[in-house]
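As a plain string of letters, each chain reads:
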Amino acid sequence: MNINVNEYKLPMDKSGPYGITVGPDGAMWFTENRGNKIGRITTKGEITEYLLPTLDAEPLIITKGIDEAMWFTEYKANKIGKITIDGKVTEYDIPTTNAGPYGITLGPDGAMWFTEITSNKIGRITVNGEISEYDLPNPGSFPSMIIAGSDGALWFTENQGNRIGRITISGDITGFNIPTMASGPVGICKGGDDAIWFVEIMGNKIGRITISGEFTEYSLPTQNAKPHAIVSGKDGELWFTEWGGNQIGRIKSCGEIIEYQIPTIDSEPHGLVLGPDGAIWFTEELLLASVFGEISANNFTEFFPV
């Protein structure tokens, strides 16, 4: 199957595009962790950037909230930020010092739920900025990405704890040990089959866990691929970035894996999202330049059914 990969260069080198999401305006919104900005790119490749009020905030993961603003984590600033589609930025201080906010998602209760990597907690923030925090039972778990599952709970990866965690909206926490030891789970998403899919950056695998806790793992064809983020596509397929392999991967529900090479060498792909145009949009953090990628098929009716 033929595919197209388009890349879009950002105005500032070394800006470090990282997380990405689709906004209510049909554009992709993304973080620039080194450039200290929130960016916006349309499906035509038009780019707008917004500088954050806090210096060296290091924004990482971004997602859309119930208020149709984009919410994001500020790792170094120890804040949760939000930006409206007209570019207005609001920031909220996390009560715990040096919490290390990383992943963030919209919960079924309308609040934003986020992970605190260094403080070993899960956080919750309302649209009005009220923050609650929940301690994880196992120290040093390093909670990373977080998403809403099909069961009304939040699911998250424990990168150092080697577990998939689950927290209810009332704060009850459970964990499931990943079969592969020291697998280093990072990215996580809900699949079209209502199971939870995740990547193992050290285990070099794609994992799947049902809401009842049953695991399946799929080894990647490329050695040391370092899968980082994963997102649901169409027709039950999932897409993921390979930081080490410099590729975008695609896995079908049956476990078949296909990998696509990124044109730019050592691009360090991180976040990705299914765009409103049916293409997969992804960030390339890079060391020397800042680039956006878009992967699409020549035949959308075959590759990305409308």
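Residues numbered from 1 in each chain as written. Predicted model: local features only at pLDDT ≥ 70, side-chain atom pairs only at ≥ 80, totals over all residues. Heavy atoms only, no water.

Trainee: Break down the confidence of the model for the chain for me, with residues and values.
Mentor: Summing up the model confidence of the chain, the mean pLDDT is 92 and the portion of residues at 70 or higher is 93%. Taken together, the stretch residues 297-306 has pLDDT below 50 and engages in 30 contacts with residues farther than four places along the chain or on a different chain. (pLDDT = per-residue confidence, 0-100. Contact = heavy atoms within 4.5 Å.)

Trainee: Got a sec to walk through the sheet that holds strand 11 (residues 112-116)? Specific residues and values, please.
Mentor: Taken in spatial order, the four strands line up as 10-11-12-13 in an open sheet, and their pairing is antiparallel. Each edge of the open sheet carries a strand with a single partner, namely strand 10 (101-106) and strand 13 (131-135). Direction aside, the axes of adjacent strands within the sheet are offset by 20° on average. (Pairing = 2+ DSSP bridges. Helix = DSSP H or I, 4+ residues; strand = E, 2+ residues; numbered from the N terminus. Axes fitted to C-alpha atoms, helices over the stretch in contact; angles between N-to-C directions.)

Trainee: Give me the lowdown on the pairing of strand 8 (residues 79-83), citing residues and values where you can.
Mentor: Burial analysis of strand 8 places five of its five residues in the buried class, the great majority of the element. Across the two faces of strand 8 the burial is the same, with Lys 79, Gly 81 and Ile 83 and Ile 80 and Lys 82 all buried. Here strand 7 (residues 70-74) pairs with strand 8 via five bridges, running antiparallel. Within strand 8, the residue paired with Trp 71 across the bridge is Lys 82. Between strand 7 and the antiparallel strand that follows it, strand 8, lie four residues; Asn 78 among them carries a positive phi value of about 60°. Across five bridges, strand 8 lies against strand 9 (residues 89-93) in antiparallel orientation. (Buried < 20%, exposed > 50% of the residue type's maximum accessible area, 1.4 Å probe, protein only.)

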